[in-house]
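What follows is each chain in one-letter form.
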Amino acid sequence: MVHDGSYSQLELMQARVKSVPDGWAFNYVGKAFAIKNNLRKPISEDERDKNPGRYPYYGPTKIQGYIGTFEQDGSYALIGEDGDHFLKYESQAMTQLVDGKCTVNNHAHVIEGTKKATREWFYYYFMHRDIFSFLSRQGAGRYKLNKASLEKIPVLVPPVQEQKKITQILSTWDKAITTTEQLLTNSQQQKKALMQQLLTGKKRLLDKNGGRFSGEWRFLTFDEAFKVANKKSAQVKSSDYLATGSVAIVDQGKELIAGYCDNDERYTNVPVIIFGDHTRCLKWVDFEFCPGADGTQVLDTKEFLDKKFGYYLLCHTDIPNLGYSRHMRELKEKDFKVPVDMVEQQKIAAVLSAADQEISALQQNLEALKQEKKALMQQLLTGKRRVTVEEAA
């Protein structure tokens, strides 16, 4: 569907909505909200750097720095009586709640709440709505939401009190998501610090007697530490990947499992390490699988190197990005510092594995929160599920 600039979009929306929730009403963005464009202050990076301040300046890539003045056309631009605003970017259709004084560039709209609708409601509504049909094309692969198109987007608006209750519920979910994201980031940073200390010998763990490991470490070449265990007979071409099957396919992509197959020939001597020749992705695979054909390198460790420790060694190895070129030759030129004592290797691997498990649990929790919020938005922002004062509390 292509937006034709008319108000027929509202009629189409009314036709699609089989039942209008009690108290809700059809409207347009331009009638339900106040759209302001007189707060724009074109500013170059040089001007921003030479005239820094405490007022945020917003552009197509969110906040772009701070300016020292708010004057626009000789008057101060205070956005809204309460200083609270919703920012809508033209070029990327991004949404952001902005509190306090600010100025924006020529690719943003400032949306103010009215007696009919709040800016928080619009913020969540826009995340829920598919507005692609209202974007005007600006060259190959570029689209823009201009003010005229924004004004004509139809909306189904609940009473203001219900809007506030809905946004209160959704903001609670946002806080839970933000908190989980912060926990995840902290865990990832802690693991990175642990790897830096444990895989270089700067920090030694406790042995079975409660003392620090004190054995020597030595350097190994790639060929001394690892062996390539590719088995071409088990490889599967990307064109042969299935959506379901008896055997998982692991290739050099970011996802652990890329697809499935029903091949009899497979890797059963696991765990092994997968290295993406083109992507530099590393994976620990402890289940039967078939490798993808292009760039999927299957690695194993030599007998005096613990497999999981070897995996973390590779994860800690800096390999330059050569684009889509082969990276295996870079990996084979690396040296690896390892403790001679296999028990110390296993202890280090166990600590890092525990960190990975914590990160995985947080990632799963974060994904579950996002999915649950998405489902809740689908219900609340369409009136399929109504809220009450008790539920909001």
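Look a little higher up for the structure.
A short tour of the structure in this document, coming up. (Residues numbered from 1 in each chain as written. Predicted model: local features only at pLDDT ≥ 70, side-chain atom pairs only at ≥ 80, totals over all residues. Heavy atoms only, no water.)

Observations concerning the packing of aromatic side chains
Thinking step 1. Counted according to the given criterion, the structure contains 10 aromatic pairs.
Thinking step 2. Arranged with centres 5.0 Å apart and planes meeting at 65°, the rings of Tyr 123 and Tyr 124 form a pair that is edge-to-face. In this pair, the class of Tyr 123 matches that of Tyr 124, namely buried.
Thinking step 3. Between Tyr 267 and Phe 289, the aromatic rings sit 4.9 Å apart at their centres with planes inclined by 10°, giving stacked as the arrangement. Taken together, the positions of Tyr 267 in the loop between strand S17 (259–261) and strand S18 (272–276) and Phe 289 in strand S20 (residues 289–291) put the pair 22 residues apart, joining distant regions of the chain. For the pair Tyr 267 and Phe 289, a shared accessibility class is recorded, and that class is buried.
Thinking step 4. Sitting above the plane of the Phe 304 ring, Arg 218 keeps its charged end 5.1 Å from the centroid.
Thinking step 5. Looking at Lys 231, its charged tip hangs above the ring of Tyr 267, at a distance of 4.8 Å from the centre. (Phe/Tyr/Trp six-rings, centres within 6.5 Å; stacked < 30°, edge-to-face > 60°. Buried < 20%, exposed > 50% of the residue type's maximum accessible area, 1.4 Å probe, protein only. Helix = DSSP H or I, 4+ residues; strand = E, 2+ residues; numbered from the N terminus. Lys NZ or Arg CZ within 6 Å of the ring centre and 35° of its normal.)

Considering the environment of Asp 306
Thinking step 1. Tracing the chain through its elements places Asp 306 in the loop between strand S21 (296–301) and helix H8 (307–315).
Thinking step 2. The exposure class of Asp 306 is buried, given its relative accessible area of 16%.
Thinking step 3. Along the backbone, Asp 306 and Gln 346 are 40 residues apart, and their C-alpha atoms lie at a distance of 6.5 Å.
Thinking step 4. With residues near it in sequence (within four places) discarded, Asp 306 still touches Thr 301, Met 342, Gln 345, Gln 346 and Ala 349.
Thinking step 5. A distance of 3.0 Å separates a polar atom in the side chain of Asp 306 from the backbone nitrogen of Phe 309. (Contact = heavy atoms within 4.5 Å. Polar contact = N/O pair within 3.5 Å; in protein donor to acceptor, adjacent residues only side chain to side chain.)

Quick word on unusual backbone geometry
Thinking step 1. Along the chain, Val 270 connects to Pro 271 via a cis peptide bond; the corresponding omega equals 10°.
Thinking step 2. Along the chain, Pro 271 turns up in the loop between S17 and S18.
Thinking step 3. At Arg 280, a position not held by glycine, the phi torsion is positive, near 70°.
Thinking step 4. Tracing the sequence through the fold places Arg 280 in the loop between S18 and strand S19 (282–285).

Thoughts on H8
Thinking step 1. Burial analysis of H8 places seven of its nine residues in the buried class, the great majority of the element.
Thinking step 2. Residues of H8 that are buried include every one of Lys 308, Phe 309, Gly 310, Tyr 311, Tyr 312, Leu 313 and Leu 314, and no others.
Thinking step 3. For H8, the side-chain oxygen to backbone nitrogen distance between the N-cap and Lys 308 is 3.2 Å, and the N-cap itself is Asp 306.

Description of the packing of helix H6 (residues 160–198) against helix H10 (residues 342–380)
Thinking step 1. Between H6 and H10, whose axes approach to 9 Å, the crossing angle comes to 165°. The orientation of H6 with respect to H10, classified from their angle, is roughly antiparallel. With respect to the hand of their crossing, H6 and H10 are arranged in left-handed fashion.
Thinking step 2. Grouping the constituent residues of the contact of H6 with H10 by class yields 22 nonpolar, five polar and eight charged. (Axes fitted to C-alpha atoms, helices over the stretch in contact; angles between N-to-C directions. Parallel < 35°, antiparallel > 145°, perpendicular 65-115°, else oblique. Left-handed = near helix turned anticlockwise from the far one by under 90°. Nonpolar A, V, L, I, M, F, W, Y, C, P; charged D, E, K, R; others polar.)

Overview of the sheet that holds S18
Thinking step 1. With antiparallel pairing, the four strands of this open sheet are ordered in space as S15-S21-S18-S19. Looking at the sheet topology across the chains shown, the edges are occupied by strand S15 (226–228) and S19. Between one strand axis and the next, the sheet turns by 35° as a mean value, whatever way the strands run.
Thinking step 2. Relative to S19, S18 is paired through four bridges, and the arrangement is antiparallel. Paired with Ile 274 across the strands is Lys 283, a residue of S19.
Thinking step 3. H8 rests against S15, S18, S19 and S21 of the sheet, and its axis sits at about 165° to S19. (Pairing = 2+ DSSP bridges.)

Regarding the side chain of Lys 191
Thinking step 1. Tracing the chain through its elements places Lys 191 in helix H6.
Thinking step 2. Dropping the residues within four chain positions of it, Lys 191 is found in contact with Tyr 312, Leu 352, Ala 355, Asp 356 and Ile 359.

Here we look at the pattern of salt bridges
Thinking step 1. Applying the stated criterion across every chain yields a total of 12 salt bridges.
Thinking step 2. Arg 119 is paired through a salt bridge with Glu 120; the nearest N and O atoms lie 3.1 Å apart.
Thinking step 3. Arg 119 gets classed as buried once you look at its relative accessible area, which sits at 8%.
Thinking step 4. Its salt-bridge partner being Lys 307, residue Asp 300 comes within 3.6 Å of it at the nearest N-O pair.
Thinking step 5. Look at the salt bridges and you will find they share partners, linking Asp 277, Asp 294 and Arg 326 into a network. (Salt bridge = Lys/Arg side-chain N within 4 Å of Asp/Glu carboxyl O.)

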